[in-house]
Amino acid sequence: MREATTSTHHNGGSLTRSRLYSGKSHGIRSNSAERPLLVPSPASFSTSSQYSDPGDWEVNSNLAISAFSELPSKDFGVNQHMIINQEFKEALRQILWGFRAPIRYAFAYGSGVFPQSGSAPGSSQCHPSAPAAIKNMQQGQGKMIDFIFGVSYSQHWHSLNLSQHRDHYSGLGSLGSYLVSQTQDNLGAGVYFNPYVTVNGTLIKYGVVNLDTLCQDLSQWDTLYLAGRLQKPVKILRDHPRVRLANQMNLLSAVRVALLLLPEQFSEFELYGTIAAISYMGDIRMALPTEDPRKVNNIVSGQMANFRRLYAPLIENLPNVTFNDRRCTQEDWIDDPDANVRLTQDMDPVKRGNMVRRLPESFREKLYFQYQSRYEIPRAEFNKMMKESNDKDPEMVRRRQGGQFEQRIASDASLQKEVRTSITKTIRWPSSVQSAKGLLTSGFARTWRYVREKQDKYKQSGKNPPPKSEESSSKTTKQE
């Protein structure tokens, strides 16, 4: 494995780059998404710019790629691959082989895969006859395992799956694959869920989404329904070059939005908590007695190392935010789940204006509309201002650099409120329709079971010990 010999200096000391997270050493290769990940040695995590440099690749992204060799670099996006127990990963992959319909991209997520601090326990009777690796990982407290399947052609996929797994579908399946695919693609966020089905003796829920819909949400934030899930650690079981590229854009966008919501100095816990909370803003389920109000805290508290693996390479290559903690000078901090280091961001309005300009297009338009209304700019004048801004400096537009309007937004005292409002407007309608769609796709019995179990978890959540707070989760010696 190659060694990184440079050090990046910050105000609080230096952050020594650890050994490169090499695709060769860990089984992730540009031309294969199915090779196994090997468990890395400590300090094998890397913040090397060759993996996630937000330079020309972000400006000139081509989401029409079809091969891993077309990605910006050989190891591009390996930060998205979480390391989990090898036997558990193989058991999850065996579940995918239970489907004859072609799955192009797949990930497992949720508390059934990544334990959450303080979450309600599952049931030992959850899985009829799950493999030993799944039982061992869930430690007898069985929880349904959630999957998302990315497919090329929705109707074709459901046609094949209905012929193999008719029992996975509600009565809607009797009306044929065309109506099923139309329900998937045209209602809510473009996902069709089949919950409470058993594959390989394991109780699972799987959502089916067209790859085009998935990449569109990751790159543009149309609904944030899928982008929000991938902003948190997931276990990718089948990778796809288009999705890997689009998701790297999604992760960068999540960091930028979080920075717009955070003060000049903040902790890792605050950063990851802000990112994890994005997908829950505006979600109608959070307003009902069906979700643990401490869900975000639970997720982040139990997965600090995974969040760091996901985001630290991106942070290292952004010009306006730095790790600023003496703990970073110690080689083991990268893999320490209890570390909670400090960060500092540059509050210069020019740099923050650039962040605003680089937000996902659909989301950015909502934020611009908020400020057009806030500043009472007539629509015609606003359109003219936007056009003149684009025509004035083509190079600035190509590099996605903010102008006076973006800098004014970045300096506005109400920025945090307006960003949150834009997130809520993005999420509320699709997530509400998606929830209502569950009655069609899951049927009344399974929907009622899902709601009842969520309510039970909500009631039990208050009885569980509170998760580690930001302060107690830190072994960091904060700057003096």
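Residues numbered from 1 in each chain as written. Predicted model: local features only at pLDDT ≥ 70, side-chain atom pairs only at ≥ 80, totals over all residues. Heavy atoms only, no water.

The name an unreviewed UniProt entry assigns to the chain is Mitochondrial translocator assembly and maintenance protein 41, from the organism Aspergillus melleus.

## Considerations on the overall build of the chain
Along its length, the chain carries 19 helices and 10 strands. Per-residue burial for the chain yields a buried fraction of 59% across its 480 residues. Taking the intrachain contacts of the chain between residues at least 6 apart in sequence as the baseline, contacts between residues at least 24 apart amount to 77%. When the accessible surface of the chain is totalled, it reaches about 20000 Å², and 50% of it is carbon and sulfur. (Helix = DSSP H or I, 4+ residues; strand = E, 2+ residues; numbered from the N terminus. Buried < 20%, exposed > 50% of the residue type's maximum accessible area, 1.4 Å probe, protein only. Contact = heavy atoms within 4.5 Å. Areas by Shrake-Rupley, 256 points an atom, 1.4 Å probe, with all protein chains shown as cover.)

## Topic: the side chain of Arg327
By the secondary structure assignment, Arg327 is in the loop between β9 (321–323) and β10 (342–345). In this structure the side chain of Arg327 is engaged in a polar contact, spanning 3.0 Å, whose partner is the side chain of Asp332. Here the side chain of Arg327 touches Asp336 through a polar contact of 2.8 Å, side chain to side chain. (Polar contact = N/O pair within 3.5 Å; in protein donor to acceptor, adjacent residues only side chain to side chain.)

## Thoughts on the side chain of Gln184
Here Gln184 shows up in helix α7 (residues 177–186). Assessed through its relative accessible area of 0%, Gln184 is described here as buried. A distance of 2.7 Å separates polar atoms of two side chains, one belonging to Gln184 and the other to His158. Apart from residues lying up to four places away in sequence, Gln184 is in contact with Ser154, His158, Gly190, Val191, Tyr192, Val208, Val209, Asn210 and Lys437.

## Comments concerning the packing of helix α11 (residues 268–278) against helix α13 (residues 304–317)
For the pair α11 and α13, the least separation of the axes is 11 Å and the interaxial angle reads 90°. Here α11 lies roughly perpendicular to α13, going by the angle between them. Across from Glu268, Phe269, Leu271, Tyr272, Ile275 and Ala276 in α11, the residues of α13 making contact are Met304, Phe307, Arg308, Tyr311 and Ile315. Residues belonging to the contact of α11 with α13 are distributed by class as follows: 9 nonpolar, no polar and 2 charged. (Axes fitted to C-alpha atoms, helices over the stretch in contact; angles between N-to-C directions. Parallel < 35°, antiparallel > 145°, perpendicular 65-115°, else oblique. Nonpolar A, V, L, I, M, F, W, Y, C, P; charged D, E, K, R; others polar.)

## Regarding the sheet that holds strand β8 (residues 265–267)
Taken in spatial order, the 3 strands make up an open sheet running β8-β10-β9, and their pairing is antiparallel. Each of the sheet's edge strands pairs with one partner strand only, and the pair in question is β8 and β9. On average, each strand axis in the sheet is inclined to that of its neighbour by 25°, with strand direction left out of account. The sheet contact formed by β8 and β10 spans 3 bridges and is antiparallel. Residue Phe266 lies in a different strand from β10, and its bridge partner there is Leu343. (Pairing = 2+ DSSP bridges.)

## Considering the pattern of salt bridges
Taken as a whole and assessed by the stated rule, the structure comprises 10 salt bridges. Notably, a salt bridge pairs Lys351 with Asp346, separated by 3.2 Å at the nearest N-O pair. On the accessibility criterion, Lys351 (33% relative accessible area) is partly exposed. Overall, the relative accessible area of 29% leaves Asp346 in the partly exposed class. (Salt bridge = Lys/Arg side-chain N within 4 Å of Asp/Glu carboxyl O.)

## Some thoughts on the pairing of strand β4 (residues 145–151)
The buried fraction of β4 is high, at 7 of 7 residues. Side chains Ile145, Phe147, Phe149 and Val151 of β4 all project onto a buried face; the interleaved residues Asp146, Ile148 and Gly150 project onto the opposite face, where all are buried too. Where strand β3 (residues 105–109) meets β4, 5 bridges bridge the pair, whose relative direction is antiparallel. Among the inter-strand pairings, Phe107 is bridged to a residue of β4, identified as Ile148. With 7 bridges connecting them, β4 and strand β6 (residues 202–210) associate as parallel partners. Considered in β6, the bridge of Ile145 is made with Ile204.

## Things to note about the sheet that holds strand β5 (residues 191–199)
What the 5 strands build is an open sheet, ordered β5-β6-β4-β3-β7; its pairing is mixed. In this open sheet, the two strands that pair with only one neighbour each are β5 and β7 (235–238). Taking the axes of each pair of neighbouring strands and ignoring which way they run, one obtains an average angle of 25° across the sheet. Relative to β7, β3 runs antiparallel, the two being bridged by 3 bridges. Bridge pairing links Phe107 to Ile236 in β7. Against the sheet, α7 touches β5 and β6, its axis set at about 75° to β6.

## Examining a nonpolar patch on the surface
There is a patch of nonpolar side chains on the surface, built from Leu175, Tyr178 and Leu179 and spanning about 310 Å² of accessible area. Within the element layout of this structure, Leu179 appears in helix α7. (Patch = residues over 30% accessible without salt bridge, like charges linked within 9 Å, V, L, I, M, F, W, Y side chains within 5 Å.)

## So, the nonpolar core
Phe147, Trp157, Tyr206 and Tyr311 are the most contacted members of the largest nonpolar core, which totals 117 residues. The residues touching Tyr206, leaving out its near neighbours within four places in the chain, are Phe99, Phe147, Phe149, Trp157, Asn161, His168, Tyr169, Tyr192, Phe193, Asn194 and Val197. (Core = buried A, V, L, I, M, F, W, Y, C linked by side-chain atoms within 4.5 Å.)

## Observations concerning the environment of Met249
Examined against the element boundaries, Met249 turns out to sit in helix α10 (residues 241–261). The spatial distance from the C-alpha of Met249 to the C-alpha of Leu218 is 7.1 Å, given a sequence separation of 31 residues. Sequence-distant contacts of Met249, defined by excluding residues within four places in its chain, comprise Trp57, Ser61, Leu63, Leu218 and Ser219.

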